[in-house]
Amino acid sequence: MQLSKIKRDGQFRVTKMNSDNESVARLMSLGLLPGQEVRLTHQAPLGDPIAVTFEGCHMSLRLSDAAEVEVEAL
Amino acid sequence: MRKDADILRIALIGNPNTGKSSLFNALTGLKQRVGNYSGVTVEKKTGEWNLGDGNAIELIDLPGTYSLSAKSIDERIAVDVLCGHAEGQPAPDLVVVVVDVENLQRNLFLASQAAELNVPMVIALNCWDVAERKGLKIDCKLLEQRLGVPVVPTVANRRRGVDELRTAVLGALKTRPVMIRPSWPDAVKESLGLLRSAFIEKNGENLKDGELTRLLFDQKSAVISRLKTPKPDAEAIVKSAREHLRKGGYNPDAAESLLRFRFLNPLLLDIIERQAILKQRSRSEGIDQLLLHRFWGLCVFVGMMYVVFQSVYTWAGPFMDLIEGVTGWFQGLAAGALESTPTLQSLVVDGIIGGVGAFVVFLPQILILFLFIALLEETGYMARAAFLMDKLFQWCGLNGKSFVPLLSSYACAIPGIMATRTISDPKTRMITILIAPLMSCSARLPVYLLLIGAFVEPLYGPAVAGATLFAMHFVGALVAAPLAYLLNQTLNKGRPAQPFIMELPHYRVPRIGSIFWRIYESGKDFVVRAGTVIFAMTIIIWALLYFPRPADVPFEVARENGVEITESSTSKEAVMQQFSREIDAAYLEQSYMGRFGQLAQPIFDPAGYDWKITVGVLASFPAREVIISTLGITYALGGEVDEESKDLRDTFKSATWESGPREGEPVYNLAVALSIMVFFALCMQCGATVAVIARELNWSWALASFFGLTGIAWVAAVAVYQITIRII
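Here is what the cut-offs are and how they apply
- As a convention, each chain's residues are numbered from 1 in the sequence order in which they are written.
- In the order they appear in the text, chains get letters beginning with A and ligands get numbers beginning with 1.
- Per-residue local features are limited, in this predicted model, to residues with pLDDT of at least 70; the limit for side-chain atom pairs, both in listing and counting, is 80 or more; totals at the level of whole chains, interfaces and linings are taken over all residues.
- Note on conventions: DSSP H or I runs of at least 4 residues are helices, E runs of at least 2 residues are strands, and numbering of each starts at the N terminus.
- Restricting the calculation to C-alpha atoms gives the radius of gyration, and the globule rule supplies 2.2 Å times the number of residues raised to the power 0.38.
- This entry defines residue contacts through backbone-placed C-beta atoms, with two residues in contact when those atoms are within 7 Å.
- Reported domain spans reflect what an automatic or database domain assignment gives.
- Residue classes follow a fixed rule: Ala, Val, Leu, Ile, Met, Phe, Trp, Tyr, Cys and Pro count as nonpolar, while Asp, Glu, Lys and Arg count as charged, and any other residue, Gly among them, counts as polar.
- The burial label depends on the number of other C-beta atoms within 10 Å of a residue's C-beta. Counts of 20 or more mean buried, 12 or fewer mean exposed, and intermediate counts mean partly exposed, with C-beta atoms placed from the backbone.
- Strand pairing follows a simple DSSP-based rule, namely that at least 2 bridges must link the two strands.
- Every residue carries a pLDDT, the predictor's confidence in it, which falls somewhere between 0 and 100.
- Lines are fitted to the C-alpha atoms to define the axes, a helix being fitted only along its stretch in contact, and any angle between axes, read from their N-to-C directions, falls within 0 to 180 degrees.
- Throughout, the term roughly parallel applies to angles under 35 degrees, roughly antiparallel to angles over 145, roughly perpendicular to angles from 65 to 115, and oblique to all others.
- Crossing chirality is assigned from the near helix's rotation relative to the far helix, an anticlockwise turn below a right angle marking it left-handed and a clockwise turn marking it right-handed.
- Note on terminology: a nonpolar core is any set of buried Ala, Val, Leu, Ile, Met, Phe, Trp, Tyr and Cys residues joined through C-beta atoms within 7 Å.
- Think of it like this: strands point away, you trace from the first strand over the helix to the second, and a clockwise trace means the crossover is right-handed.

1. Quick notes on the overall build of chain A
Argument step 1. Within chain A one finds 2 helices and 5 strands.
Argument step 2. Taken from N to C terminus, the helices and strands of chain A fall in the order β-α-β-β-β-α-β.
Argument step 3. The C-alpha radius of gyration of chain A comes to 11 Å, within 12% of the 11 Å expected for a compact globule of 74 residues.
Argument step 4. Taken over the C-alpha atoms alone, chain A extends approximately 30 × 25 × 25 Å along its principal axes.
Argument step 5. In chain A, the share of contacts with a sequence separation of at least 24, taken over all contacts with a separation of at least 6, comes to 53%.

Here it is as structure tokens:
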């Protein structure tokens, strides 16, 4: 499942990331790596961007970038 | 290389929102802006840090970055400074890495990258108090042992830990400890070897091992642009090394993050002890439950933005009136004192005092807006505001951070453009600056009111007049949106959207000291950098409107009015007094600006303007609302008319073309009125804005935006005139 498609109130784990995408490469250097747990905290009023937390990090990212991250439900 | 061997240099690096700027202030005492929002530290800041043993040290505050991957300008600067390739300065003697205790792992990623550059290091564990309050315990001794560099707990904004840091730095300057580095797998080592032999051994490049690591791991590394090797060759070398890495089983884009965190994570085992549930963390999350809520969050946002807008638009009013009153009082005083020397009187009254007033009058709006911006940033709300609004701006290449500057520009573009400093992406910031002058600022309102009152209301009634006024406020925004889109396409060449990853930092209680500092700094910066330019512009425009002032003008005006006087006439003074307004009008007509306006009139002829309107348009360059007093003077009503003036409205209605094909026809009609309003909605007739753009970007962009926007305004004005004149 893509990170851009997940619902709130669930715990997910990253399985695959497309590191060609600059934003994804950036997320990786912030510690969002395959195996990392991630949670969706908020969606902006117009649906995009979304806010996620991982490892004490609270980051906002756009859906187009989130689509490059594959996750699985825990 | 080194000019002054006695001066030691220490660089300060750290992630955004770690309190790095606070630490910089605490160490140097030379106060700087304190950021709570990513990317405020754009400039290189240096200060003097007194180490207490007679050593004065230059402390360099590097831009806050999450990594040294050298993709953005900020990161590139950080790498260059740390490697000794910036401005002919050698590499710093030591680097202090500011680390947020709460995000140890992510922050040490940056430290680990910096270690690769072989600079001695001390780590400052900042926000120690917050961590303690949250029940987070860190074993500093153990961490120090494992990393191999001194680790000092600090609370920068309370100046705690400063002495301990000083001691650690003094020790480290002698022992030169370097943080432990990962031992790379063979594939990485071989790839680095390929780069080393090609760049250093074959091409004789001056590259450190750390820079080779950057070239290998970063897609489109900015380090390439610094090399002697021609870019295509360098890119080919890097590509083959990355290919080698890929063959060895590592994706070059992901390898560094994977390997570095794999190296760091075991080092952090048993270091962090969480004693209690993280209460503070949930408090920040709790606030976000409301402020980022899809409905209520938006309500709060609209409310807050209303307050911000009102404050700049309305609350600044009394202060601006006061400044105008004081300016007027000084002008009256000077006018009285210098009555015997009319030229000097006009220079002092209209040029000098008017010129000072011209930029001081912006200060209330700037100071008030920056109070709110400082509050929004210090609390951490600014990132949330950008989060809520981002979608609106995505399609034209901007992002949510453009919202506050553009909203502020509806009150006045000056503080709005200054507020773009909160936008970390340089291209987004540039586009926002370039479209900000199109937002309908309050200086346009008098022009709208005057013309709508004179030409729309009498014809169509107050309802249509109100609707017209409302619509005028959107003309600029309608042009701004496609313009932003076009600028994004041309400035960004092929890059559809900017990476927009933004941290939503924990909410914090703002520190009054740093808020006042930021307000003071923005005000000072405006007065020193832009104020002087606005002052100079006002003097130049004054001179163009005043000179050459032919001596026989009063006599000619008197003659035209049927009174014959000469230089020696006893009634001269009385006659000049009687016809003072007509004489002023004649002087303006004869002035350089007046002559230029008559010369330039054909340019504005397709928009329906006669030479008087043209002079008004040109003379209003210092500020848009000046057109009203200029028109007042040209129509011999004096310069004190305002948008409510009945005389001016009546004069408009009776004004006729003096010559040319339309001689005798009325100058003003609905088409001309709309054409003038549209011109003023879009043009860049604001010297202060040009000066501020020059300050924030450069003079080329300031001039480009002046001619660009004024050109767009001309096209739109001509179109509106030509269409309307055919309909009515």
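Don't stop here, the text continues.
2. Some points on the domain arrangement of chain B
Residues and elements named next belong to chain B.
Argument step 1. You can read the domains of chain B as domain 1 (8-175) and domain 2 (186-272).
Argument step 2. Of note, the centres of domain 1 and domain 2, computed from C-alpha atoms alone, are 25 Å apart.
Argument step 3. Facing the 23 residues of domain 1 at the interface are 19 residues of domain 2.
Argument step 4. Contributions of two or more residues to the side of domain 1 that touches domain 2 are made by α2 (73-83), α3 (104-115), β6 (136-138) and α5 (140-147).
Argument step 5. The leading source of residues in the side of domain 1 that touches domain 2 is α3, at 5 residues.
Argument step 6. Split by residue class, the side of domain 1 that touches domain 2 holds 13 nonpolar, 5 polar and 5 charged.

3. Thoughts on helix α18 (residues 426-435) of chain B
Argument step 1. Burial analysis of α18(B) places 7 of its 10 residues in the buried class, which makes it a mostly covered element.
Argument step 2. All of the buried residues along α18(B) are B:Thr428, B:Arg429, B:Ile431, B:Thr432, B:Ile433, B:Leu434 and B:Ile435.

4. Some points on unusual backbone geometry
Argument step 1. In this structure, the amide linkage connecting A:Asp48 to the following residue, A:Pro49, adopts the cis form with an omega of 0°.
Argument step 2. Here A:Pro49 is to be found in the loop between β2 (37-43) and β3 (50-54).
Argument step 3. In this model, B:Phe547 is joined to B:Pro548 through a cis peptide bond whose omega is 0°.
Argument step 4. Of note, B:Pro548 is situated in the loop between α20 (512-546) and α21 (553-560).
Argument step 5. One non-glycine residue, B:Asn118, lies in positive phi territory at about 65°.

5. As for the sheet that holds β3(A)
Argument step 1. The antiparallel open sheet is built from 6 strands, whose spatial order is β5(A)-β1(A)-β2(A)-β3(A)-β4(A)-β9(B). Across the chains shown, the open sheet's two edge strands, defined by having one partner strand only, are β5 (69-73) of chain A together with β9 (502-503) of chain B.
Argument step 2. One ladder, built from 2 bridges, connects strand β4 (residues 57-61) of chain A with β9(B); its direction is antiparallel. Across the sheet, residue A:Ser60 finds its bridge partner in β9(B), namely B:Met502.

6. A closer look at the confidence of the model for chain A
Argument step 1. Looking at chain A, pLDDT values average 89 and 100% of them are 70 or higher.
Argument step 2. Element-level mean pLDDT values for chain A span from 87 in helix α1 (residues 22-29) of chain A up to 93 in β5(A).

7. Quick notes on the packing of helix α7 (residues 186-202) of chain B against helix α8 (residues 209-217) of chain B
Residues and elements named next belong to chain B.
Argument step 1. Here α7 crosses α8 at 110°, and the two axes come no closer than 10 Å. Classed by the angle they form, the pair α7 and α8 counts as roughly perpendicular. Along this stretch, α7 crosses α8, giving a crossing that reads as right-handed. Judged by residue contacts, Ser 191, Leu 192, Leu 195 and Arg 196 of α7 engage Leu 212, Thr 213, Leu 215 and Leu 216 from α8.

8. Here we look at helix α1 (residues 20-28) of chain B
Residue and element names in this part refer to chain B.
Argument step 1. Taking burial as the measure, the 9 residues of α1 include 9 buried ones, the bulk of the element.
Argument step 2. All of the buried residues along α1 are Lys 20, Ser 21, Ser 22, Leu 23, Phe 24, Asn 25, Ala 26, Leu 27 and Thr 28.
Argument step 3. Residue Gly 29 follows α1 closely and has a positive phi angle near 75°.

9. Some thoughts on the nonpolar core
Considering soluble globular proteins, one finds that nonpolar side chains tend to be buried as a cluster.
Argument step 1. Ranked by internal contacts, the top residues of the largest apolar core, which has 232 residues, are B:Leu82, B:Val97, B:Ala114, B:Met121, B:Ile123 and B:Met677.
Argument step 2. Discounting residues that sit within four places of it in the chain, B:Ala114 has contacts with B:Ile13, B:Leu68, B:Leu82, B:Val95, B:Val97, B:Val119 and B:Met121.

10. Focus: the environment of B:Phe309
Residue and element names in this part refer to chain B.
Argument step 1. Structurally, Phe 309 can be placed in helix α12 (residues 296-337).
Argument step 2. Sequence separation between Phe 309 and Gln 331 is 22 residues, and the spatial gap between their C-alpha atoms is 32 Å.
Argument step 3. Once you skip the residues sitting within four places of it in the chain, Phe 309 turns out to touch Leu 407, Tyr 410 and Ala 411.

11. Let's talk about the sheet that holds strand β1 (residues 8-14) of chain B
All names here are of chain B.
Argument step 1. Read across the sheet, 6 strands follow the order β2-β3-β1-β4-β5-β7 without closing on themselves; strand pairing throughout is mixed. The open sheet has two edge strands, β2 (45-50) and β7 (151-153), and neither has a second partner. On average, each strand axis in the sheet is tilted by 25° relative to the strand beside it, whichever way the strands run.
Argument step 2. Pairing geometry for strand β4 (residues 94-100) and strand β5 (residues 121-126), over 6 bridges, is parallel. By the bridge assignment for β5, Val 96 is matched with Val 122.

12. Section: the environment of A:Lys16
All names here are of chain A.
Argument step 1. Along the chain, Lys 16 turns up in strand β1 (residues 11-17).
Argument step 2. A count of 12 C-beta atoms within 10 Å places Lys 16 in the exposed class.
Argument step 3. Expressed as a C-alpha distance, the spacing of Lys 16 and Gln 2, which sit 14 residues apart in the sequence, is 9.4 Å.
Argument step 4. Sequence-distant contacts of Lys 16, defined by excluding residues within four places in its chain, comprise Pro 34 and Glu 70.

13. Describing the pairing of β5(B)
All names here are of chain B.
Argument step 1. Of all the 6 residues making up β5, 6 are buried; the element is thus mostly covered by neighbouring parts of the structure.
Argument step 2. Burial of the side chains of β5 extends over both faces: Met 121, Ile 123 and Leu 125 are buried on one face and Val 122, Ala 124 and Asn 126 on the other.
Argument step 3. Note on the crossover from β4 through α3 to β5: the handedness is right-handed.
Argument step 4. As judged from the 3 bridges shared by β5 and β7, these two strands associate in the parallel manner. If you follow Leu 125 over to β7, its bridge partner there is Pro 153.

14. Here's the deal with the packing of α21(B) against helix α23 (residues 580-590) of chain B
Residues and elements named next belong to chain B.
Argument step 1. Two numbers describe how α21 lies on α23: the axes approach to 9 Å, and their chain directions differ by 125°. As the angle between them shows, α21 and α23 are arranged oblique. Regarding α21 and α23, the two cross each other, and that crossing is right-handed. Taking contact as the criterion, the partners of Val 553, Pro 554, Glu 556 and Val 557 in α21 are, on α23, Glu 582, Ile 583, Ala 586, Tyr 587 and Gln 590.
Argument step 2. Broken down by class, the residue content of the contact of α21 with α23 amounts to 6 nonpolar, 1 polar and 2 charged.

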